[in-house]
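Residue-level structure breakdown
Spelled out from the first residue to the last, the chains are:
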Amino acid sequence: MIEDKPFCISKWAVLEAWKQVRANQGAAGVDDVSIQEFEKKLKNNLYRLWNRMSSGSYMPPPVKRVLIPKADGRQRPLGIPTVGDRVAQMVVKRYLEPKVEPLFHADSYGYRPKRSALDAVGVCRQRCWRYDWVVDLDIRGFFDNLDHSLMMHAVRKHTDCKWALLYIERWLKAPAQTEDGTRMARDRGTPQGGVISPLLANIFLHHAFDQWMAREYPDCPFERYADDIVIHCPSQQRALEVKSAVERRLRQCKLEAHPDKTRIVYCRDSQRRQEHQKIQFDFLGYSFRPRSAKSRGGKLFTGFLPGISRKASTAILSEVRRWSLHRMSDRDLSDLARMFNAKIRGWVNYYGRYYPSALRRTFRPLNRRLVRWAQRKYKRFRIHPGRTWHWLSRVARSHPRLFAHWEAGIVS
């Protein structure tokens, strides 16, 4: 018997959405129900969710507001939906994404299948060789300031599905709840941390920026990862023109280019020696700036190249300090490798893709902590730090695969 519901949402769609939410893991929302606790009553939870979504009675609970420290000392608000709400959002995402994904611009990389941040960095690297000037665009508080009416207007260009539109609008308006239980109404923005938010961001910027740029400035390619954008220009004059036009376009879309962080950068290298105030910009954890390099023939030159940014390096060092591995004298070196290698390998694989020698400065403090660990563990090293360094270097040469950064050749 088929149950009569206003909206045709299959139980299979809800089950598949749950599988993706479970695979992604994540913290509990305002109801404090974890993935594991939700799964204990999975059949009832999924049936209740399907029933409410199909009947049109599903109302998203508030998102849990969590403040994450930023490198500049400020805090970034994240909105964590409940597990059940993440499943509901995934149902809509799985419906809507196949409709919009084929339409998105080739240079939109954020939160898209078979595309990554490293892809964007690689394309940006190549274009910085061909174009002398860059507009480093920063949209002030994009996720917090997204206009709801313009957002819904953009979504309606791609679907007239009533239940998808209904729930997207409800998610946009769902309040945030702080740790003390205070609820904060929202008349704009979409919470970072929501399942549907990255897709909505891409839909909005597809219309507000990508298509507009392709139409108005086809000679100025760009890379966009969510709201992180780099625009390449053939001349300084063109860069000034594009920067002003983009700022006007954002104002039309009720957004704002950050006045201090949006800037024009000159891609200076051995061949391009014009004087300019800005010769560096950051993009997706990499700093693009003049760096020493060797040609295939072994000749030294200066290239405009990406390497790990100071901000990313500082974040890594902060996490390594929190590990306090130098105090773990009850552990063997192989134990430490097992405990921390997955994280280290992730850093090496991402930040070591381009200009890997820049990682030496980042991982030297980790090796120092391994030296301090050895001095605590072995009496013979306590008053001989130089001897400890020699010992660690010998271990790294004889067991290079023990730590991921050793395997990448980062020892000293």
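Here the residue index of a chain counts from 1 through its sequence in written order. Where local features are concerned, this predicted model is filtered to residues with pLDDT of at least 70; where side-chain atom pairs are given and counted, the filter is 80 or more; whole-chain, interface and lining totals use all residues. Excluding hydrogens and water, the side-chain figures rest on all heavy atoms present in the structure.

Considerations on the state of the cysteines
Structurally, a disulfide amounts to a covalent bond that connects the sulfur atoms of two cysteines. In this description, the term disulfide denotes a pair of cysteine sulfurs within 2.5 Å. Taken as a whole and assessed by the stated rule, the structure comprises zero disulfides. Counting only cysteine sulfurs, cysteine 233 is the nearest neighbor of cysteine 220, a cysteine outside any disulfide, at a range of 3.9 Å. Take cysteine 220: its relative accessible area is 3%, and that puts it in the buried class. With no disulfide partner, cysteine 253 has as its closest neighbouring cysteine sulfur the one in cysteine 220, 18 Å distant. Think of it in three bands: residues with accessible area under 20% of the maximum for their type are buried, residues over 50% are exposed, and the middle band is partly exposed, with areas taken using a 1.4 Å probe on protein chains only.

Quick notes on the packing of helix α3 (residues 42-55) against helix α4 (residues 83-100)
With their axes 11 Å apart at the nearest point, α3 and α4 run at an angle of 50° to one another. Classed by the angle they form, the pair α3 and α4 counts as oblique. The two elements α3 and α4 meet at a crossing, and its hand is right-handed. On α4, the residues touching Leu46, Leu49 and Met53 of α3 are Gly84, Val87, Ala88, Val91 and Val92. Three classes are used: nonpolar for Ala, Val, Leu, Ile, Met, Phe, Trp, Tyr, Cys and Pro, charged for Asp, Glu, Lys and Arg, and polar for all others, with Gly counted as polar. Looking at the contact of α3 with α4, its residues break down into seven nonpolar, one polar and no charged. To define axes, lines are fitted to C-alpha atoms, for helices over the stretch in contact only, and angles between the resulting N-to-C directions are given on a 0 to 180 degree scale. Helix and strand definitions follow DSSP, with helices as H or I runs of at least four residues and strands as E runs of at least two, each counted in order from the N terminus. In these notes the angle categories are as follows: under 35 degrees is roughly parallel, over 145 is roughly antiparallel, 65 to 115 is roughly perpendicular, and the rest is oblique. It is the rotation of the near helix from the far one that decides the hand of a crossing: anticlockwise by less than a right angle makes it left-handed, clockwise makes it right-handed. Note on definitions: a residue-residue contact is assigned when non-hydrogen atoms from the two residues lie within 4.5 Å.

A word on the side chain of serine 309
Along the chain, serine 309 turns up in the loop between β11 (300-308) and α11 (310-323). When its relative accessible area of 3% is taken as the criterion, serine 309 is described as buried. Non-local contacts of serine 309, meaning those with residues more than four positions away in its chain, are made with Asp282, Gly285, Tyr286 and Ser287.

A word on the sheet that holds strand β1 (residues 63-69)
Taken in spatial order, the four strands line up as β2-β1-β4-β5 in an open sheet, and their pairing is mixed. Strands with a single pairing partner mark the edges of an open sheet, and in this sheet they are β2 (75-80) and β5 (183-184). Any two strands with at least two DSSP-identified bridges between them are counted as paired. Bridge count between strand β4 (residues 176-177) and β5: two bridges; the pairing is antiparallel. For glutamine 177, the partnering residue across the bridge sits in β5 and is arginine 183.

Description of α4
Taking 1.5 Å per residue, 18 residues should reach 26 Å; α4 reaches 25 Å between its end C-alpha atoms and fits that length. Buried residues dominate α4, accounting for 14 of its 18 residues. The span one expects for a helix is its residue count, reduced by one, times 1.5 Å.

Examining the pattern of salt bridges
A pairing counts as a salt bridge when a side-chain nitrogen of Lys or Arg comes within 4 Å of a carboxyl oxygen of Asp or Glu. Scanning all chains against the criterion turns up 22 salt bridges. The shortest N-O distance in the salt bridge between glutamate 16 and lysine 19 comes to 3.1 Å. Note that glutamate 16 and lysine 19 are positioned in helix α1 (residues 11-24) at a spacing of three residues, about one turn of the helix. Judged by its relative accessible area of 36%, lysine 19 is partly exposed. Notably, a salt bridge pairs arginine 238 with aspartate 219, separated by 2.9 Å at the nearest N-O pair. Taken together, the positions of arginine 238 in helix α10 (residues 236-252) and aspartate 219 in the loop between α9 (197-216) and β6 (222-225) put the pair 19 residues apart, joining distant regions of the chain.

Some remarks on a positive patch on the surface
For patch building, the residue pool is restricted to those with more than 30% relative accessible area and no salt bridge; the joining distance is 9 Å between like charges and 5 Å between nonpolar side chains (Val, Leu, Ile, Met, Phe, Trp, Tyr). To be clear on the numbers: accessible area is Shrake-Rupley with a 1.4 Å probe, and residue cover counts the displayed protein chains and nothing else. The positive count covers Lys and Arg only, the negative count covers Asp and Glu only, and His and the chain ends enter neither. A single reference atom marks each charge: NZ on Lys, CZ on Arg, CG on Asp, CD on Glu. A cluster of basic residues, Arg289, Arg310, Arg360, Arg361, Arg364 and Arg368, forms a positive patch at the surface. In terms of residue count, the dominant contributor to the positive patch is helix α13 (residues 359-377) (four residues). Topologically, arginine 368 is positioned in helix α13. Looking at arginine 368, the relative accessible area reads 41%, which means it is partly exposed.

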